[in-house]
Amino acid sequence: DPNINVQELRKWDRQKVDEKVFSKLLGSGATRIALNNDNKTVFKFNFVTSLALGNQILEEVKIYNKFKKRFSNILPKFYRFGTNWIVQEKSEPFNNQKFSEMIDLSGLENISTNANNFVTIFFKNMDYILLNLDINYIERLRKLTFEEAKKTIENDGLTKYFKSYKPWVHYFLQNEILMEIIRFCKYSGTILEDMKSENLGFIGNRLVIIDFGMIEK
């Protein structure tokens with residue numbers, strides 16, 4: 001039922017778990033649970049409502065319907081959805097090796113072996129910068145070398161916003177997929193700081209956002 005309420009949905013879910021329809025818990029957050037459906041899709045649903053977080057399922061559905069064509073390369077498909085549930089294309093968890101190959105981290109072993117941590121730090125840094133500056137400024141910087149970018153930042157008197165801007169951060173910024181995630185968050189209102197590795201996954205060799213329900217208020 002597209003309009004099934006949370007209480008009835010929880011009861012229905014327990015029944016389907018008992019019937020072995022859902023075979024594995026894939027993830028859980030403050031208000032939602034994701035279950036393996038058929039090894040190709042995930043059943044994600046609200047198990048509780050929160051006044052602070054709102055209906056994250058509904059937020060994701062709204063964003064997906066608005067941006068699914070523009071950002072189809074970084075969003076998993078939504079096959080069906082209701083007010084409190086989504087049947088979503090299944091992805092694999094974030095993988096350091098796949099990420100290292102995607103962004104070409106050969107020769108950067110300290111980053112490649114801890115890519116999940118560096119990705120989390122990267123998006124947190126970008127979130128702070130974009131709270132203070134326009135995305136067009138970031139678009140300009142990524143087209144420069146690191147030294148040119150640092151000089152531009154200094155000349156513009158913006159060093160206070162770029163205290164953690166290191167060569168590896170600039171290298172990440174120059175990657176088109178990571179920049180697409182930044183663009184998606186900026187234009188959709190999704191909190192960029194929430195783009196930690198736990199909320200990213202891989203479909204084949206494609207990096208996708210598996211959780212984008214945290215919205216700027």
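Residues numbered from 1 in each chain as written. Predicted model: local features only at pLDDT ≥ 70, side-chain atom pairs only at ≥ 80, totals over all residues. Heavy atoms only, no water.

**Focus on the overall build of the chain**
Alright, step 1. Scanning the chain for helices and strands turns up nine helices and eight strands.
Alright, step 2. For the chain, the C-alpha radius of gyration of 19 Å lies close to 17 Å, the compact-globule estimate for 217 residues.
Alright, step 3. Based on the C-alpha atoms only, the size of the chain along its principal axes is roughly 60 × 35 × 25 Å.
Alright, step 4. When burial is assessed residue by residue, the chain has 47% of its 217 residues classed as buried.
Alright, step 5. The long-range fraction of contacts in the chain, counting pairs at least 24 apart against all pairs at least 6 apart in sequence, stands at 62%. (Helix = DSSP H or I, 4+ residues; strand = E, 2+ residues; numbered from the N terminus. Rg over C-alpha atoms; globule rule 2.2 N^0.38 Å. Buried < 20%, exposed > 50% of the residue type's maximum accessible area, 1.4 Å probe, protein only. Contact = heavy atoms within 4.5 Å.)

**Here's the deal with the packing of aromatic side chains**
Alright, step 1. Tallying each qualifying case throughout the model produces 22 aromatic pairs.
Alright, step 2. Both rings, one in Phe22 and one in Phe43, keep their centres 5.1 Å apart while their planes meet at 15°; by these two values the pair is stacked. In this pair, Phe22 is assigned in the loop between α1 (6-18) and β1 (24-28) and Phe43 in strand β3 (residues 41-46), connecting sequence segments 21 residues apart.
Alright, step 3. The exposure class of Phe22 is buried, given its relative accessible area of 6%.
Alright, step 4. Ring geometry for Phe67 versus Phe71: centroids 6.0 Å apart, planes at 50°, classification tilted. (Phe/Tyr/Trp six-rings, centres within 6.5 Å; stacked < 30°, edge-to-face > 60°.)

**Some remarks on unusual backbone geometry**
Only a minority of non-glycine residues have a phi that is not negative, and only a minority of peptide bonds are not trans.
Alright, step 1. A positive phi angle, near 65°, is found at Lys20, a position not held by glycine.
Alright, step 2. Of note in this structure, Asn39 is not a glycine but carries a positive phi near 70°.

**Examining helix α9 (residues 176-188)**
Alright, step 1. With 13 residues, α9 extends 18 Å from end C-alpha to end C-alpha; this agrees with the ideal 18 Å at 1.5 Å per step.
Alright, step 2. Regarding α9, the residues found buried are Leu178, Met179, Glu180, Ile181, Ile182, Arg183, Phe184, Cys185 and Ser188.
Alright, step 3. Regarding α9, its N-cap is Asn175, as a side-chain oxygen of that residue lies 3.0 Å from the backbone nitrogen of Ile177 further along.
Alright, step 4. Positive phi appears at Gly189, one or two residues downstream of α9, with a value of about 85°. (Expected span 1.5 Å × (residues − 1). Polar contact = N/O pair within 3.5 Å; in protein donor to acceptor, adjacent residues only side chain to side chain.)

**Quick notes on the pairing of strand β4 (residues 78-81)**
Residues in a regular strand project their side chains so that they alternate between the two faces of the sheet.
Alright, step 1. Inspection of the sheet shows β4 paired to strand β5 (residues 85-89) by three bridges, in the antiparallel sense. Within β5, the position partnered with Phe78 by the bridge is Gln88.
Alright, step 2. From the end of β4 to the start of β5, which pair antiparallel, there are three residues. (Pairing = 2+ DSSP bridges.)

So yeah, pure geometry; function would need other evidence.
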